[in-house]
Amino acid sequence: MKHKVIVIGADHHNTLGVVRSLGSKGVNSDVIIIPYKKEIKKVKSKYINSIKSFPDDGQIISELLSMESCAKHVLLVTCDIASSLLDTNYNQLKDKFVLFNSKGRLTDLMSKEAMCHLAMEVGLNVPQYSVWCKGSDMPEDIEFPCITKAISSVDGGKSDTTICQSIDELHDFLKNPDLCPRIQIERFIQKEIEFQFIGISLNGGETIVIPGHSHIDRPNGVQNTYYFQYKENDKTFSTTLELTKKFIRKSGYSGLFSVEFLRGKDGKDYFLEMNFRNDGNAICVTDAGYNLPYIWYLYATGGEYKTEIANSKFRPVVFCPEFFYFKDYAYGEISFMTWLKGMIKANSYTDYWKGDNHLYWLKLLYFIMSQMKIKLQVIRGKEKAPKSGIG
C-alpha cells in the first residue's frame, strides 16, 4: 500500500473504533498514542501494523515528517490534543499528509466561545453563557441553575464540569485551584432529549454526510460514554441539520466530527459544541452502515468515496458501551433488569468486535468481578456513584 494510514489518539476505545472500521475494509493502520503511555492497554487489534507512543509532542511531528512517501499519507485523529497538535503544525504537514483541518484555524475553532459565536452567526440556538477568567470578578448575568465547562477541551477536562444551583455553589466550585484558567458558565437547559450528529465533512464542507443522530439515554452521571439508539434523522431535525451543515461550511472544516445538542422542554434545539475529530461513539455509525473512517481514506487517496457514500445503506442500531454500562448497574444508576434488557437489545459496542477481541472475554470477566465488589459496597451504603459525566 503506497498510502500509509496513521491514526493518532488516546489509549481509548475511540482510537480502537477507527482502527477496526478501517480494518474491516482491508486497510490496516499505524497508530500513535497521545498523550504518552508507557504501557498501551486498550488499543489492541489485528488491524494494527505498528503502535508507538512518544514522551514529547515534538517527536510525533518529527516521526510524521520522517516518513518517506511517493503519495500523501492519510491521518485520522481521535482526541482533541491530537487535533490541536496537527493543526498547529498544519503548514509543515499539509504537503505529506491528508489530515483533518480548517487550514490552520482549528485550534481557535475548538474554543467553546468561538464555536458559540459561529453557531449564533448561522442561526443556531445557543444557551445564554458567560466566560469567567481565573482571578477576575464573577460575571453578573448568570442564570441558575448553570453548568460550567472548560472553554477549551485542550486546556481543560471533565473535572471543570459541574452543575451549580446557586451563586454560592458556583463561588465554591470556582475556588478550585486546578480549574482551567477560562471557564464557560452556561445556563442549564431542562432537556427533553440529548442528541449528536456524527458525520464527515469533505473539501471544507463541499460534501457533508450526517447519516443519523444518537438519541442518548443518559443516567444521572457515572460516565461520559452512554447507552443510546442511533437513528435516522426525521423531519423534526431538518432545520437544525441544515444549520449544522451551514456551521461546518462556515468553519471550513474537513474531517470526521460530532456536534452535540440538547432539545429543551421549550421545543428548541440548543447547540453545545462540535468535536473536530472522530467521536468516541462513532463506531455505531460504522455498524449502522456508514463507514466514515473508510470514506475519509477513499477521499484522501483519490478513491471512489462518492460511490461508497451512495452505496451505504442505513440501519438503526442500539449502542452499548458494555463496560461503562455495567458500571451504571454497579453504582445503582440503573436496575439489573434495565441492564439485562439493554444488553439483549444492543447490537453495537465500544469494545466487542466480532473477530477482533484481544483477551476480551477474560477482560470482561475480570471487570465484572471487580464491579460486583463495588455493587456490594453500594448496597451496604459504603460507596456512592462518582459525580462525573454531567450533562
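Before reading on, note that the structure itself is shown above.
Remember, it's a predicted structure, so these values are computed and weren't measured experimentally.

Some thoughts on the sheet that holds strand β6 (residues 129–133)
In step 1: Spatially, the 4 strands line up as an open sheet ordered β6-β9-β7-β8, and their pairing is antiparallel. Edge positions in the open sheet fall to β6 and β8 (162–164), since each of these has one partner strand only. Going across the sheet, the axis of each strand differs from the next one's by a mean of 30°, ignoring polarity.
In step 2: Where strand β7 (residues 146–150) lies against strand β9 (residues 182–187), 5 bridges are found, and the strand directions are antiparallel. In the sheet register, Ile147 faces β9, and the bridge partner there is Glu186.
In step 3: Helix α6 (residues 112–122) rests against β6, β7 and β9 of the sheet, and its axis sits at about 160° to β6.
In step 4: Contacting β6, β7, β8 and β9, helix α7 (residues 167–174) crosses the sheet at an angle of about 145° to β8.

A word on the nonpolar core
In step 1: Judged by nonpolar contacts, the single largest core of 90 residues is most densely connected at Ile8, Leu64, Leu76, Leu86, Phe247, Phe271 and Met274.
In step 2: Ranked by residue count, the leading element in this core is helix α10 (residues 292–301), at 7 residues.
In step 3: With residues near it in sequence (within four places) discarded, Leu64 still touches Ile6, Ile8, Ile32, Leu75, Leu86, Leu93, Lys96 and Phe97.
In step 4: In this structure, Tyr227, Cys320, Ile334 and Leu364 belong to the second largest nonpolar core, which totals 14 residues.

Observations regarding the environment of Ala150
In step 1: With respect to the element layout, Ala150 can be found in strand β7.
In step 2: The spacing of Ala150 and Cys180 is 30 residues in sequence and 5.8 Å in space, taken between C-alpha atoms.
In step 3: Excluding its chain neighbours within four sequence positions, the residues that come into contact with Ala150 are Lys112, Gly156, Gly157, Asp160, Cys180, Arg182 and Ile183.

Quick notes on the pairing of strand β1 (residues 5–9)
In step 1: Burial analysis of β1 places 5 of its 5 residues in the buried class, the great majority of the element.
In step 2: Burial along β1 is two-sided: the face carrying Val5, Val7 and Gly9 and the face carrying Ile6 and Ile8 are both buried.
In step 3: In this structure, β1 lies alongside strand β4 (residues 73–77), joined through 4 bridges in parallel fashion. The residue of β4 that forms the bridge with Ile6 is Leu75.
In step 4: Strand direction decides the pairing type here: β1 and strand β2 (residues 29–33), joined by 4 bridges, are parallel. Its bridge partner being in β2, Ile8 is matched across the sheet by Ile32.
In step 5: Taken together, β1, helix α1 (residues 13–23) and β2 constitute a β-α-β crossover, and its handedness is right-handed.

Focus: the sheet that holds strand β3 (residues 48–53)
In step 1: Spatial strand order, β3-β2-β1-β4-β5: 5 strands in an open sheet with parallel pairing. Strands with a single pairing partner mark the edges of an open sheet, and in this sheet they are β3 and β5 (97–98).
In step 2: Note that β2 and β3 share 5 bridges and pair parallel. Across the sheet, the residue bridging to Ile32 is Lys52, located in β3.

Brief notes about α7
Residues spaced three or four apart along an α-helix face the same direction, because each turn holds 3.6 residues.
In step 1: Listed as buried for α7 are Leu170, Phe173 and Leu174. Looking straight down α7, one finds its buried side chains confined to an arc of 90°; they lie on one side.
In step 2: Those residues of α7 hidden inside the fold are in contact with β6, β7, β8 and β9.

Cut-offs applied
Residues numbered from 1 in each chain as written. Predicted model: local features only at pLDDT ≥ 70, side-chain atom pairs only at ≥ 80, totals over all residues. Heavy atoms only, no water. Pairing = 2+ DSSP bridges. Helix = DSSP H or I, 4+ residues; strand = E, 2+ residues; numbered from the N terminus. Axes fitted to C-alpha atoms, helices over the stretch in contact; angles between N-to-C directions. Contact = heavy atoms within 4.5 Å. Core = buried A, V, L, I, M, F, W, Y, C linked by side-chain atoms within 4.5 Å. Buried < 20%, exposed > 50% of the residue type's maximum accessible area, 1.4 Å probe, protein only. Right-handed = clockwise from strand over helix to strand, strands pointing away. Arc of directions from axis to C-beta.

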